[in-house]
Amino acid sequence: MTRREIREEIFKLLFEHELIDNNIEKRINDVINEENLKKNDEIEFLRNYVTEIIENENILIEKIKNILDGWTYERLGTIEKVLLKISFYEITIKDVGYEIAINEVLEIAKKYSYNDTKEFLNGILAKLVKNIKEEKHK
């Protein structure tokens with residue numbers, strides 16, 4: 001599986017977890033079996049992302065709330081919440097390149113959400129990147 005395909009599975013797992021507080025470890029194992037993941041790096045990528053995003057959920061939500069302008073976190077749709085958590089995790093915790101993290105999440109948004117979601121997410125993520133760059137130059 002490509003990293004993008006794995007990120008899509010991560011999105012699905014986190015979306016499901018957001019809606020129903022399920023046994024995430026069991027669901028991760030289900031996906032590993034269903035998708036026939038064999039490579040250790042693929043399994044590790046999937047497992048680590050899902051568990052670390054859930055473990056850091058409160059931190060990620062606070063970071064998202066600090067960036068939202070004119071919106072409350074609670075007002076966001078489930079798709080937007082999950083996609084923002086993934087991208088904020090990648091950018092602020094995993095230190096994945098901005099372009100990669102933003103591109104990956106926007107590709108998932110194209111597939112699973114409305115057209116305006118992509119622009120909305122892009123605006124929030126652009127603000128996050130701008131804030132990070134400003135912090136580095138202080």
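Here, the structure is the one placed above.
Residues numbered from 1 in each chain as written. Predicted model: local features only at pLDDT ≥ 70, side-chain atom pairs only at ≥ 80, totals over all residues. Heavy atoms only, no water.

Draft legend 1. Summary view of empty space enclosed by the protein. Counting across every chain of the model gives one cavity of 30 Å³ or more. One number sums up the size of the largest cavity: a volume of about 50 Å³. Along the walls of the largest cavity sit L14, H17, E18, I53, I54, E57, V82 and K85, which together make up its complete lining. Contributions of two or more residues to the lining of the largest cavity are made by α1 (3–19), α3 (40–55) and α5 (78–93). The element that contributes the greatest number of residues to the lining of the largest cavity is α1, accounting for three residues. (1 Å grid on protein atoms, 1.4 Å probe; cavity = no way out; pocket = protein on both sides within 12 Å on 5 of 7 lines; lining within 4 Å. Points joined across faces, edges and corners; volume = space filled by probe spheres on them. Helix = DSSP H or I, 4+ residues; strand = E, 2+ residues; numbered from the N terminus.)

Draft legend 2. Highlighting the environment of S87. Tracing the chain through its elements places S87 in helix α5. It is 9.5 Å that separates the C-alpha atoms of S87 and L121, two residues lying 34 residues apart in sequence. The residues contacting S87, other than those within four sequence positions of it, are V105 and L125. (Contact = heavy atoms within 4.5 Å.)

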